[in-house]
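Coordinate analysis (summary)
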Amino acid sequence: SRGLGDVYKRQYFFRAWFYFDKVKNYGDVPWYNTVLNMDSPDLYKARDKRTIIVDSILQDLDNAFLYLKPLKENNGGNNRLSKEAALIFKSRVALFEGSWQKYHKGTVFATENVDPKKYFKAAVDACEELMSGKYSVGLYGNSSEMYGKMFGQDDMSSNPEIISVSYTHLRA
């Protein structure tokens, strides 16, 4: 049976998701890693630099990766969070931030003294881990024909490449 500890372990992923959405929309935001009370002075703290937030997001995804099960061991199949989902999301966050820092360098939107290669390397490392053969991804090969087969299906419920999907629109 799943204990309350499993819920807390998945929270790393969801906190990363929440903060990534904030970084994309607002840039610098305050980072909180403790529970706040209504009278906590931290409620009024200034925004932290976006790189502090993104580095914390990547750390949360590393923690989620440690605690989550691989897709093939997941009871709920591709409707549950998995190690693969954490790696995929980590690569997305790191690629986004690396690109942001690279193409906004020298503007008011970039963070000073940040090397975007750090984030690109994190994206590449996550993808290489994902493609290492330990995980249930890439079942259709690399050709464009196989790519079309994977995403051209009318019913993707049996497709392990899909993390979560709803089929209610297919019912008459």
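A brief look at the structure comes next. The structure displayed is predicted, hence computed values, not measured ones.

Moving on, we come to the overall build of the protein chain. Counting its secondary structure elements, the protein chain contains 5 helices and 0 strands. Along the protein chain, from the amino end to the carboxyl end, the secondary structure elements read α-α-α-α-α. Taking all 172 residues of the protein chain together, the buried fraction comes to 34%. The long-range share in the protein chain, meaning contacts at least 24 apart out of those at least 6 apart in sequence, stands at 55%. Just so you have it, the protein chain exposes about 11500 Å², and 54% of that area is on carbon and sulfur atoms.

Turning next to the environment of serine 91. Here serine 91 is to be found in helix α3 (residues 83–103). Serine 91 gets classed as buried once you look at its relative accessible area, which sits at 14%. Once residues lying within four places of it in the same chain are set aside, the contact partners of serine 91 are Ala123, Ala126 and Cys127.

A separate point is the packing of helix α2 (residues 50–67) against α3. One way to put it is that α2 packs onto α3 with a least axis distance of 9 Å and a crossing angle of 165°. Considered as vectors, α2 and α3 are oriented roughly antiparallel to each other. α2 and α3 meet at a crossing whose hand is left-handed. Across from Arg50, Thr51, Val54, Ile57, Leu58, Leu61, Asp62, Ala64, Phe65 and Leu66 in α2, the residues of α3 making contact are Lys83, Ala86, Leu87, Phe89, Lys90, Val93, Ala94, Phe96, Glu97, Trp100 and Gln101. Looking at side-chain class alone, the contact of α2 with α3 contains 14 nonpolar, 2 polar and 5 charged residues.

A complete count under the given rule lists 10 aromatic pairs for this structure. Arranged with centres 5.3 Å apart and planes meeting at 90°, the rings of phenylalanine 20 and phenylalanine 96 form a pair that is edge-to-face. With phenylalanine 20 in helix α1 (residues 4–26) and phenylalanine 96 in helix α3, this residue pair connects regions lying 76 residues apart in the sequence. On the accessibility criterion, phenylalanine 96 (28% relative accessible area) is partly exposed. Where phenylalanine 96 meets tryptophan 100, the ring centres are 6.3 Å apart and the plane angle is 20°; that geometry is what we call stacked. In this pair, phenylalanine 96 and tryptophan 100 are both assigned in helix α3, 4 residues apart and thus about one turn of the helix distant. Here tryptophan 100 falls in the partly exposed class, since its relative accessible area comes to 21%. Grouped by ring-pair contacts, the aromatic residues Phe13, Phe14, Trp17, Phe20, Phe89, Phe96 and Trp100 constitute a single cluster. The residue whose ring lies beneath lysine 45 is tyrosine 32, and the NZ or CZ to ring-centre distance is 5.3 Å. Directly above the ring of phenylalanine 65 sits lysine 83, whose terminal nitrogen or CZ lies 4.4 Å from the centroid.

What follows deals with α2. The terminal C-alpha atoms of α2 lie 26 Å apart, and with 18 residues this matches the ideal 26 Å at 1.5 Å per residue to within 8%. By the burial criterion, the buried members of α2 are Arg50, Thr51, Ile53, Val54, Ser56, Ile57, Leu58, Asp60, Leu61, Asn63, Ala64 and Phe65.

Okay, the packing of α3 against helix α4 (residues 117–130) next. Any two packed helices are characterised by the angle at which their axes cross and by the distance between the axes. Close contact between α3 and α4 brings their axes to 7 Å; oriented N to C, the two are set at 155°. Classified by the interaxial angle, the pair formed by α3 and α4 is roughly antiparallel. Here α3 runs over α4; the crossing is left-handed. Residues Glu84, Leu87, Ile88, Lys90, Ser91, Ala94, Leu95, Glu97, Gly98, Ser99 and Lys102 of α3 pack against Tyr119, Phe120, Ala122, Ala123, Ala126, Cys127, Glu129 and Leu130 of α4. Classifying every residue of the contact of α3 with α4 gives 11 nonpolar, 3 polar and 5 charged.

Rules used throughout
- Residues numbered from 1 in each chain as written.
- Predicted model: local features only at pLDDT ≥ 70, side-chain atom pairs only at ≥ 80, totals over all residues.
- Heavy atoms only, no water.
- Helix = DSSP H or I, 4+ residues; strand = E, 2+ residues; numbered from the N terminus.
- Buried < 20%, exposed > 50% of the residue type's maximum accessible area, 1.4 Å probe, protein only.
- Contact = heavy atoms within 4.5 Å.
- Areas by Shrake-Rupley, 256 points an atom, 1.4 Å probe, with all protein chains shown as cover.
- Axes fitted to C-alpha atoms, helices over the stretch in contact; angles between N-to-C directions.
- Parallel < 35°, antiparallel > 145°, perpendicular 65-115°, else oblique.
- Left-handed = near helix turned anticlockwise from the far one by under 90°.
- Nonpolar A, V, L, I, M, F, W, Y, C, P; charged D, E, K, R; others polar.
- Phe/Tyr/Trp six-rings, centres within 6.5 Å; stacked < 30°, edge-to-face > 60°.
- Lys NZ or Arg CZ within 6 Å of the ring centre and 35° of its normal.
- Expected span 1.5 Å × (residues − 1).

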